[in-house]
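Understanding the architecture of this molecule
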Amino acid sequence: MKNTKLNINKTKYRYFMDNVKPEGTAIIYTIPVPRGEEKPTDEFFDRDYPEVKISYKKFIKMIDKTAAALLAYGVKKGDIVTVCHTNTPEIFYMDYALSKIGAIPNYIYPNITADEMKYFIEELDSKYVFVLDEPDIKKNMKNALEGTDIKVISSSVIEAFPPLFKMLAKKKNPQESVEISNEINWEDFIKNGKAIKKVKESPYTPNDTCSFVHSSGTSSVPKAIEISNENDNSIPHNHAVNSIEYTAGKFCIQTIPQFVEYGKTSNHIIFCNNVCAIMIPEMEPKNFYDLVEKYKAEYAFTTPSHARELIKRKTDMSHVEYYLFGGDGFDDVEESINAYIKKNGGIVPAYQGYGASEFSAFDIINRPNEHRIGSIGKICGNTEYIIIEPETFNVITQPNKIGELCLCGVGMTKGYAGNSKDETEKVFVKHPDGKTYVHMGDYISIDEDGFFYYHGRIKNVITRKSFTFSPNEIVEAIMKHENVKTCIVIPRYSKEEGETPSAHIVLNDYSDKDKTLDEIKALVDENVQEFHRPTHYKIRAAIPLTKNNKNNITALKIEDTASMLDGVVSADIEAHNTSEYEFLLKVKIRSDKSEDEIIEALEKHINRIANIIKFNVGKIKYEVEKV
């Protein structure tokens, strides 16, 4: 029988329709409902998970209805619709419906500021917005759209539930109503589509734009990445090439939001294989245990943060077939999660993967029968690769030698768009062999058997007295200590030396952290040349993460920078990523200093240093305590 997954040369909608069958359940959509009063400090959630089931037959029907409603609303081929939403059934109807009519979703994070929303909407000249009907998000969107004639479609997190459930939910948890000009709610939007009797499917054109997503923005303003139909279709294609099988009717817990490429492409895998997606609108990792316990899913796309929460409690893992963990920090939890799975009846390991939005998110993965502890896996599908000496075209052919990873193939996106378009040629580079490669910006090595190993970001280099070096050897030395759970070494501004290494360390046991720190320093002295040794060490509870669950280097740079200011005794940062601010910076100051003066001085100081060593500050909330 012909494998329709191997032909990617069609629209994303057509690829889905050629692979899906109107059989079984497409989505089990569940929302968390607290049983009692929840406290922010609770280690676990005490929640119920009411659900609604959506069959594949209804899923396909709702895509058609959404496509008709879009046409009735005035959306046409080539129009850009900014999607500021979370994982609900409506976002998936919208995704495939836009593809069907040839319009283009521009995915943005819901929990960003009004200024950021405005920036991302204007950047790509979006004339329509699909927004989550939540008060804080809509307030920001209302401010972002002030003075424009942009049309707005809104839907809530309980849109898919029956009317009685919605009525009771609104009565129990009344929320402030926020109305936006030119807004239509989902129910009326779908009703208006009845005027369109037939939706003509947009024809396929090679390399047409299918969507826009945004980079995670750990060190700069997030870039708009232009994705083609072939890019998205290449992911289920490559999984089929690698014989990664997903059985129709089985369950997959999807914890990754549609607005990041890892989420968008993994959702495409789920639906094109007739798997049932377990969906939840909230991305909090603490929910993961409850979903595993309730649904006994065979598959999951998730992050190391979810693994850390899962292993805190016991549950049956004998059902696990393929749990893929993507994102920074898996090395720290790999041994623990695999021991947990085995102890609780599982027979397959947790799998680690590697990818970037610039290459459709699935680039290198471990898979059944091809898995190695400590490795990020093998090349995915028909992707081509080379490893080069950084800042050269010199290809490294020796196994186990570290260099920069460069990728080429059908997963390679069209490049950056909007205000970041000029950055494309810096990352999408044409080589002397005539091929264009995505320079991934990561130190990678490959062993004799084709397994890849991750060694850190190239951008996270330290330039000390004009000499540039990677912090990898420092990290390796620190990780030799048995009490170190994880660490990251970043550049810290120095007036005299430009930058110096600053080590941020998370421990397993904090009972004698002073002794541990002395031992760590001794290990560094023993294994790292003096010029490369850190000038600062900090023992901390956790490494702050970005919205994509990656190590937030920017947060650590802000914290380090704040701690240098005269009058600041200590600084600690949290990455909150709320609609009002990205970082909460807690500083302790000398008693002779004024709180207002310190905050003003910190703002000037942080922005000045950010301009020197090049990092994006974002919005900071300050908490000041005198000591």
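What this report covers is the structure whose coordinates are included nearby. (Residues numbered from 1 in each chain as written. Predicted model: local features only at pLDDT ≥ 70, side-chain atom pairs only at ≥ 80, totals over all residues. Heavy atoms only, no water.)

Before going further, it helps to examine the environment of Ser234. Its location among the elements puts Ser234 in helix α8 (residues 229-241). Take Ser234: its relative accessible area is 0%, and that puts it in the buried class. For Ser234 and Leu6, which are 228 residues apart along the polypeptide, the C-alpha to C-alpha distance reads 8.3 Å. Residues contacting Ser234, with those up to four places away along its chain left out, are Ile8, Val410 and Gly411. (Helix = DSSP H or I, 4+ residues; strand = E, 2+ residues; numbered from the N terminus. Buried < 20%, exposed > 50% of the residue type's maximum accessible area, 1.4 Å probe, protein only. Contact = heavy atoms within 4.5 Å.)

Here we take up the nonpolar core. Grouped together as the largest cluster of nonpolar side chains are 109 residues, with contacts concentrated most on Phe59, Phe189, Phe271 and Phe301. Phe59 has contacts with Phe16, Ala26, Ile27, Ile54, Phe92, Tyr93, Tyr96 and Phe271, leaving out every residue within four places of it along the chain. Of all hydrophobic cores here, the second largest spans 25 residues; its members include Tyr49, Leu310, Ile337 and Tyr340. (Core = buried A, V, L, I, M, F, W, Y, C linked by side-chain atoms within 4.5 Å.)

Once that is clear, we can look at the environment of Val587. If you trace the backbone, Val587 turns up in strand β31 (residues 583-589). A relative accessible area of 1% places Val587 in the buried class. A sequence separation of 460 residues divides Val587 from Lys127, and the C-alpha atoms of the two residues are 43 Å apart. The contacts of Val587, once residues within four sequence positions are left out, are Val568, Ser570, Ala571, Leu602, Glu623, Val624 and Glu625.

Moving on, we get to the pattern of salt bridges. Inspection of the entire model under this criterion finds 44 salt bridges. In this structure, the salt-bridge partner of Lys264 is Asp232, at a minimum N-O distance of 2.8 Å. Of this pair, Lys264 sits in helix α9 (residues 261-272) while Asp232 sits in helix α8, and the two are 32 residues apart along the sequence. Glu423 serves as the salt-bridge partner of Lys426, at 3.3 Å between the closest nitrogen and oxygen. (Salt bridge = Lys/Arg side-chain N within 4 Å of Asp/Glu carboxyl O.)

Below, the discussion takes up the sheet that holds strand β30 (residues 568-575). Reading across the sheet, the three strands line up as β30-β31-β32 and stay open at both edges, with mixed pairing between neighbours. Only two strands of the sheet have a single partner each, and these edge strands are β30 and β32 (620-626). With strand direction ignored, the average angle separating the axes of adjacent strands in the sheet is 20°. Pairing analysis gives seven bridges linking β31 to β32, with the strands arranged parallel. Opposite Ile589, over in β32, you have Lys626 as the bridge partner. Helix α16 (residues 553-563) contacts β30, β31 and β32 of the sheet and is inclined by roughly 165° relative to β30. (Pairing = 2+ DSSP bridges. Axes fitted to C-alpha atoms, helices over the stretch in contact; angles between N-to-C directions.)

Limitation: the analysis is restricted to geometry and does not speak to function.
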